[in-house]
Amino acid sequence: MEYADDADRRELLLHSAYAAEQVRVMERPLLDRGVPLMRMAAQAVAHTAAGMLDDEDLALEDTSIVLLAGAGDNGGDGLFAAAALAQEGAAVTAVAVGRTLHEEGFAAFVRAGGKVLVLDPEAGIPGCASGFSAGEAGERLQAAVSLASKSHLIIDAMTGIGIHGVLRGIPAALASALGLDGEVPDESALPGRESSGDFPLVLAVDTPSGVGVDDGSLPGPYLPANVTVTFGAMKPCAVLPPATFGSGRIELVDFGFDIDDVEPAVEVVDNTFASDAVRLPHVDDGKYSRGVVGLVTGSQRYPGAAVLTARAAARANTGMVRYLGPERAQNMVLAALPEAVLGKGHVQSWVVGSGVPSGDADGADADLQRQTIAALLRHYALDGEPAVDDAAYDMPPVVVDAGALDLLPDRVPGQVVITPHAGEMAALLNRLEAGRAGTRADDASPKAGGYAGAADAEDAHDTVGFDGNADSGIDSASTGTGTGSPETAESKSDGTESNTVSFPTADESEPDVTGDSRAASPATDTPSSSVTPDEPAAAFTARDVTAYPLACARRAHELTGATVLLKGAVTIVVDEDHTYVSGSAPAWLATAGAGDVLAGLVGALLAQQDDEITTAETVAAAAYLHGMAAAIASESEQQGWQEPDLVGHGRRQRFMTLGHPIVAGDVIRAIPEAIADVVA
Ligand SMILES: NC(=O)C1=CN([C@@H]2O[C@H](COP(=O)(O)OP(=O)(O)OC[C@H]3O[C@@H](n4cnc5c(N)ncnc54)[C@H](O)[C@@H]3O)[C@@H](O)[C@H]2O)[C@@H](O)CC1
Ligand SMILES: Nc1ncnc2c1ncn2[C@@H]1O[C@H](COP(=O)(O)OP(=O)(O)O)[C@@H](O)[C@H]1O
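Residues numbered from 1 in each chain as written. Chains lettered and ligands numbered in written order. Predicted model: local features only at pLDDT ≥ 70, side-chain atom pairs only at ≥ 80, totals over all residues. Heavy atoms only, no water.

Before going further, it helps to examine the pattern of salt bridges. Considering all chains together, one arrives at 15 salt bridges under this definition. A salt bridge links D32 to R28, with the shortest nitrogen-to-oxygen separation between them at 3.0 Å. Separated by four residues within a single helix, D32 and R28 lie in helix α2 (residues 20–32), roughly one turn from each other. We classify D32 as exposed; its relative accessible area is 56%. We classify R28 as partly exposed; its relative accessible area is 45%. Residue R669 pairs with D666 through a salt bridge whose shortest N-O separation is 2.7 Å. Placement of both R669 and D666 in helix α19 (residues 664–679) is noted, with a separation of three residues, approximately one turn of the helix. Accessibility expressed as a relative area gives 47% for R669, which makes it partly exposed. Connected via shared salt-bridge partners are E433, R436, R555 and E558. (Salt bridge = Lys/Arg side-chain N within 4 Å of Asp/Glu carboxyl O. Helix = DSSP H or I, 4+ residues; strand = E, 2+ residues; numbered from the N terminus. Buried < 20%, exposed > 50% of the residue type's maximum accessible area, 1.4 Å probe, protein only.)

Listed below in structure tokens is the structure:
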């Protein structure tokens, strides 16, 4: 077996995921040269299976293993692996879930003494029963579930990259009985899922069956794995939420794909990536050249967000922080950060909206912070007029967070960064889709004045202003694009709205349990609630967003043009061409104010951004540093996403230290150390 020996290649493999079609293209030259990829895959699966059982102090001859084998090559991998395990003395039963089995794999398995249980009455597998009654088919299904439940190890080789849409038919019935239906495994972020003493363990071959391979969704029944052995390169489901949470530890087999010139579908941020976004001080630097961040954050009601964004921005390698906001918040900012400068002036980036009420909050119409933000954001509105658009592109980068999200103009340039959590993303998409459908729901809403009023009353806020790269004060033009915010938007929303929309990805009325269903129902990563201009938008909920985060982030980018950062245990950043993820944070980071810290940090990195790095790369680096700072502060080795092990390179120690709870302020204090670690 060929393994990576080059450090750069290894780094690339461990932090890149490629779409199924890209993998097929990369496999092709190797297959054409006769490289025995399936044997290599099977060998790794067998080796890992034996290792998992060994970790439980089980010798192979004392174990019972159930292989769930599909009709495709994924089933072939499983059959060859099962044959090797049977040869070593394990009692292995292959459950044929389709109408055929990979011919050579099946032959090898039979030669090794394995048993086969066929579930589909229409199956034509040599030497196996077929044509049995529907009643017997039901009994066989029950027998398979019972056998698998009582086994030590299930090897899930029902589907790999050849899956189309939601798992259907017999594979779906098995996954429902043995696994989960769309939910993420409910478990604490503790070590030990692999060695819980609970059987059966589950080893997924290439991908857990039922996951959305390219979009990382969990659209229906699937079998969560303790370990996934994946071939050639990671697929997006190995790194994207929520599928990554159902994949367990990832083991990557390097087939020697030529990856040098292939752009990954998803990149995972690591130290090297993040270090590029940190501007090292220069010998002739002054405070202005190191980056000045302007903040329009915090409010009468949530003044703490002003403090958190200001302290985070100040700690993240900037020359200066300017703060604009109500007197109460100003006083708190100065008390916590005497270095802060109040009032307007030149800035290299803006952060707006953290701790600012959203449009549907009581008194939002009169809120001066909202008025300031609305006036600022109008400078970023693209309207197709070259002079207006050029001016928008010339504006400094701006982070639009929390309560400012409903003030985002319809179309903006990519240096506008939005940073919603799931609930805020749902509200944003509802507003955007409604606007697109022409329903203009908010025009009829009493809240509509929240936006229009901001324009009218802008001069009232005489303590504020900005001159970023722009020379103007607050400009009252272009008020026509605002649509206020939907009723669901709340800047401090907990994102727990009830689920009213589901995103089916296949026609479930067309069961296909046969040897080849790949043409039956197209997969999609576009939520079904996307609307055409003629139909009203269905309401997105926070649950929809956590179920289809990539699709939602892409949709938000597509509709607005903004760079999108969608927060979560694995944070996703998308721009026009790229998807980045960061899973560096321990779950201790899910604490009030952590998002405010992130907004300040993103603003800080944007203020020091140079031309060599894109806005999305900078933003993704900030998410990574935020997670690293949380890891340092909580002394935790737990992370939203763990790097895979490269097969043949030994097993990395899994995280051992759970750490302790933190508050947002602890994360801020750890930012300098996180930066030092990244640039070291
Ligand atoms: N191409 C190659 O040379 C290699 C492929 N490998 C394996 O081959 C896999 C891809 O093989 P295939 O292209 O044959 O596809 P798969 O074996 O992943 O999937 C095809 C099978 O799944 C069934 N299926 C598809 N969608 C379904 C759904 N929604 N519900 C229920 N059943 C469904 C199909 O009917 C078919 O039986 C990879 O994931 C990997 O495991 C490895 O052997 C390495 C080398
Ligand atoms: N389970 C988790 N594991 C790691 N990080 C998480 C998890 N859940 C949330 N986070 C991170 O915590 C932060 C919470 O931000 P947010 O929801 O905006 O909080 P707030 O509005 O209170 O500031 C985000 O950066 C998010 O990515």
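And the narrative resumes.
By size, the foremost hydrophobic cluster in this structure holds 89 residues, and its most contacted members are L85, V95, L153, L174 and F255. Aside from chain neighbours lying at most four places away, what touches F255 is L30, L37, M40, A41, F231 and G232. Counting residues in hydrophobic clusters, the runner-up holds 60 residues, among them L598, L601, A607 and I662. (Core = buried A, V, L, I, M, F, W, Y, C linked by side-chain atoms within 4.5 Å. Contact = heavy atoms within 4.5 Å.)

Next up on the list: the UniProt feature "binding site: AMP" (unreviewed entry) in the chain. Here the UniProt-annotated "binding site: AMP" (unreviewed entry) positions come out as K567, G568, A569, V570, T571 and G595. Taken along the chain, the residues just named run across 29 residues; in space they keep tight, none of their C-alpha pairs more than 13.6 Å apart. Residue A569 is classed as partly exposed on the basis of its relative accessible area, which comes to 46%. Contact partners of A569, with chain neighbours within four places excluded, come to F245, S582, G583 and G640. In this structure V570 comes out as buried when scored by relative accessible area, which is 3%. In this structure, V570 is in contact with V239, P241, T244, F245, V581, S582, G583, G640 and W641, ignoring residues within four places of it in sequence. (UniProt positions renumbered as here; feature names shortened; annotations may be inferred.)

Within the element layout of this structure, A623 appears in helix α18 (residues 615–634). Sequence separation of A623 and A42 is 581 residues, and the distance between their C-alpha atoms is 37 Å. Residues in contact with A623, not counting those within four places in the same chain, are L565, T571, S582, S584 and L598.

The next point concerns the site of ligand 2. The full set close to ligand 2 counts 17 residues, and K567, G568, G593, G595 and H626 are the nearest of them. G595 is positioned such that a nitrogen or oxygen atom in its backbone is 2.7 Å from an oxygen atom of ligand 2. Starting from 580 Å² of accessible surface for ligand 2 in isolation, the protein chains cover 81%. Considering every element that reaches the shell around ligand 2, the biggest residue donor is helix α17 (residues 594–607), with four residues. Classifying every residue of the shell around ligand 2 gives nine nonpolar, six polar and two charged. (Near = heavy atom within 4 Å. Polar contact = N/O pair within 3.5 Å; in protein donor to acceptor, adjacent residues only side chain to side chain. Areas by Shrake-Rupley, 256 points an atom, 1.4 Å probe, with all protein chains shown as cover. Nonpolar A, V, L, I, M, F, W, Y, C, P; charged D, E, K, R; others polar.)

A separate point is the site of ligand 1. The environment of ligand 1 is formed by 30 residues, the closest being E27, D77, G160, H164 and D206. Contact distances for ligand 1 include 2.9 Å between an oxygen atom and a side-chain N or O atom of R24. A distance of 2.8 Å is found between a nitrogen atom of ligand 1 and a side-chain nitrogen or oxygen belonging to E27. Of the residues assigned to the shell around ligand 1, the class counts are twelve nonpolar, ten polar and eight charged.

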